[in-house]
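So the chains spell out like this:
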Amino acid sequence: MARLILLITVPIMLALAGPFGSSAASGQQSAADPIPYEEVVSLDAERLAEGGMIEVYDEIEPVIVSRGGRPDTVQAHSDEKSGRYSIEHRGITYPVSGGDISVAQGWGNAAAVFFEIVNRQMEGSGYRFYALNHGNDLQGVFLTDKQYAAARAFHRKGADTPFLPTREAPMFGMPDDRP
């Protein structure tokens, strides 16, 4: 039964992606596209902002190591009284969400903090961790400088354009290609 559902679901998903889906969403990659979609990591900014950052970090830690990064301690702090959630790394405490931080700002903070922490650990490795998409569709991919430059040239617009998240609303570092 599960096999039948999978066989039916995949063609339907690909058909729905059609001309509007990104190459990452449809699982298809153009021969010229320099982004290794098979290595893209699903992150989900909501999950990161709502207490899942350490769990996600633990999931990608082996990839950090395989790319020459040097993982170190990352700690989460939750205050049930205020609802605040923060992350501590290398002596710096990063406020992420809760309290007087709006949901949208929390999601943006979570993405920015996560990428900043991972990239601090990638220093000297030849790789950086870049974001694709945002919000629930937030993804990450490790790229060399050469891959990044090629990806930026190839994806001049849209969600597949790699970027480094920031804490600056409303786009949080995502390239703004709206008219």
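Quick caveat: nothing in here was measured; it's all calculated off a predicted structure.

Asker: Help me out: how do you make sense of the pairing of strand 6 (residues 139-143) in this one?
Answerer: A regular strand places its side chains so that they alternate between the two faces of the sheet. Most of strand 6 sits inside the fold, with five of its five residues counted as buried. Judged by which residues are buried, strand 6 turns out to be covered on both faces: Gln139, Val141 and Leu143 on one side and Gly140 and Phe142 on the other are all buried. Looking at chain direction, strand 1 (residues 41-42) and strand 6 are connected through two bridges and run antiparallel. Note on strand 6: the bridge partner recorded for Ser42 is Gln139. Note: strand 5 (residues 128-132) against strand 6, five bridges, orientation antiparallel. If you follow Tyr130 over to strand 6, its bridge partner there is Val141. Turn length for the strand 5-strand 6 hairpin, with the two strands adjacent in sequence and antiparallel, is six residues, and the turn residue Asn133 shows positive phi of about 65 degrees.

Asker: What am I meant to see in the pattern of salt bridges here?
Answerer: Side chains that differ in sign of charge can pair as their charged atoms come close. Scanning the entire structure with this criterion turns up six salt bridges. Between Arg47 and Glu59 there is a salt bridge whose closest N-O contact spans 2.9 Å. With a relative accessible area of 27%, Arg47 lands in the partly exposed category. Across the salt bridge formed by Asp100 and Arg84, the nearest N and O atoms sit 3.1 Å from each other. Here Arg84 lies in strand 3 (residues 84-89) and Asp100 lies in the loop between strand 4 (92-97) and helix 4 (103-121), a separation of 16 residues in the sequence. One salt-bridge network, held together by shared partners, links Arg47, Glu55 and Glu59.

Analysis parameters
Residues numbered from 1 in each chain as written. Predicted model: local features only at pLDDT ≥ 70, side-chain atom pairs only at ≥ 80, totals over all residues. Heavy atoms only, no water. Buried < 20%, exposed > 50% of the residue type's maximum accessible area, 1.4 Å probe, protein only. Helix = DSSP H or I, 4+ residues; strand = E, 2+ residues; numbered from the N terminus. Pairing = 2+ DSSP bridges. Salt bridge = Lys/Arg side-chain N within 4 Å of Asp/Glu carboxyl O.

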